[in-house]
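Remarks on the overall topology
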Amino acid sequence: MGPRFQPDDTLYKRRNTLKVEYVPDEIVGRDNEIEEYEAALQPVINGEYPDNVFIYGKTGVGKTAVTNFLRNELLESAAHFDVDISFITLNCDGLSTSYQAAISLINKLREPEHYIAETGHPQSKVYRLLWNELNSLSGTVIIVLDEIDHITDDTFLYQITRADNNGYIENIQLGLIGISNDSTFREQLDAKVQSSLCETEISFPPYGTEELQKVLEQRADIAFHQNALEDGVIPLCAALGRQDGGDARRAITLLRKAGDLARTENATRVTTDHVERAQEKLEAQQSMDIMRDLTEHEQLTLYALTTLAAENATPARSRVVYQRYKELCNAQDRSPRTARRMRSFLSDFEILNLTLSHMEHRGQDGGTYREHEINRDIATIIDALQTVITEFGAHRSITEYLPDSGEEFATIA
């Protein structure tokens, strides 16, 4: 008997090019943004001081991809014209304070054996070390801060954008590129930081269906063998990606998942049916992730509504949901949040597509109230909320939906 895992290249030529990290040789569907961005970076190749650039737009609209593409192009041009340029990229996801960001940047500039500890330094020492590291470089240094909106205070951005004015750096020309998924981030900044960070602002709008189709065609040409995709596959992935807010990452992931599904089934081509089934799987996974990331009281609110759904008592009024939510809290002697707070959780769930709600009018005696129901099947929600159910107990209405894994759940009468 031969090896269990056999290489299979029936459909794929280079599957890895459908990964988020892949930077294509050419960027399609973003011509205007590239033109603006290029103009902002042009001074660097002339040996002039770079403008700081602030890039914003939703997830998956090409901000990071275009930045990486132009960085590669700029470094190639710099090598050709013998211009001294270096890039330092820091992803700020997981960094919430200026202090953490400054230490991460210092460690980014050092060899691992010289990393400094993440806590325990006076702030003045941290910035002194940072200026020392930057001054040991030469030429033009561009710092790219991806997901910059994770940093909740302005100190780090203030220090970096004004380091030259304040005489902290001598040997280099320092530029900053800030990338944010939150377009309101700039308005929250201190006026001085805003004016120095946003010397050039470039907005990346969501991709339209046509642009997504170009992006997908480009990837499909590299990733799949000729004729591996049925004609309708790319238009459908593009249309679904457009519905999802014009997110190219998600559209590319959908194409890859459809390809994987076809490969698993030993199909000779990827069909629209594979795309539809891959979309269902992605949606289920996405809503599971969203539900698992909710806070404890948000999860309890969703749990309360789900127990009412299991009793066929939905759509349910906000006050009925609140009553059930309070019962769940009382079972563990926890203080419930206010009714108003819980109603704001329900509004958030609707935005996240986890629930549906509508206004009911009480006829002639006036008065209106809102009714809510879940927009996911009960079993999926129960699966996502297992941690909170284990802690707060299984409500009698949902026992039939609990996993048959031998795990005992305490029940709530």
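For the structure, see preceding data.
I will try to describe carefully the structure that is included in this document. (Residues numbered from 1 in each chain as written. Predicted model: local features only at pLDDT ≥ 70, side-chain atom pairs only at ≥ 80, totals over all residues. Heavy atoms only, no water.)

**Overview of the sheet that holds strand E2 (residues 85-91)**
Basically, it comes down to this: Criterion used throughout: strands pair if DSSP finds at least two bridges between them. Starting at the N terminus, helices and strands are each numbered in turn, a helix being any DSSP run of H or I of at least four residues and a strand any DSSP run of E of at least two. Angular values range over 0 to 180 degrees, each being the angle between N-to-C directions of two axes fitted as lines to C-alpha atoms, with helices fitted over their stretch in contact. Throughout, a residue-residue contact means that at least one pair of heavy atoms, one from each residue, lies within 4.5 Å.
Strands sit in the order E2-E3-E4-E1-E5 across an open sheet of five strands; the sheet is parallel. Two strands lie at the open edges of the sheet, namely E2 and strand E5 (200-203), each paired on one side alone. Direction aside, neighbouring strands of the sheet carry axes that sit 15° apart on average. Both E2 and strand E3 (residues 139-146) contribute to a ladder of seven bridges, which runs parallel. The residue of E3 that forms the bridge with Thr 89 is Val 144. Packing against the sheet, helix H3 (residues 98-108) makes contact with E2 and E3, and its axis sits at approximately 135° to E2.

**Structural notes on helix H1 (residues 31-45)**
Operational definition: What a helix is expected to span follows from its residue count: subtract one and scale by 1.5 Å. What is called the bend at a residue is the angle between a pair of axes, fitted to the seven residues leading up to and ending at it and to the seven starting from it. Think of it in three bands: with a 1.4 Å probe and only protein chains considered, a residue is buried below 20% of the maximum accessible area for its type, exposed above 50%, and partly exposed in between.
With 15 residues, H1 extends 21 Å from end C-alpha to end C-alpha; this agrees with the ideal 21 Å at 1.5 Å per step. Its maximal kink placed at Ala 39, H1 deviates by approximately 35°, while the proline Pro 43 follows within four residues. Taken residue by residue, H1 has Glu 33, Ile 34, Tyr 37, Ala 40, Leu 41, Pro 43, Val 44 and Ile 45 as its buried positions. Among the structural elements, strand E1 (53-56), helix H2 (63-81), E2, E3, strand E4 (172-180) and E5 are those in contact with the buried residues of H1. Immediately downstream of H1, the backbone of Gly 47 shows phi near 75°, a positive value.

The values are spatial; any link to function lies outside them.
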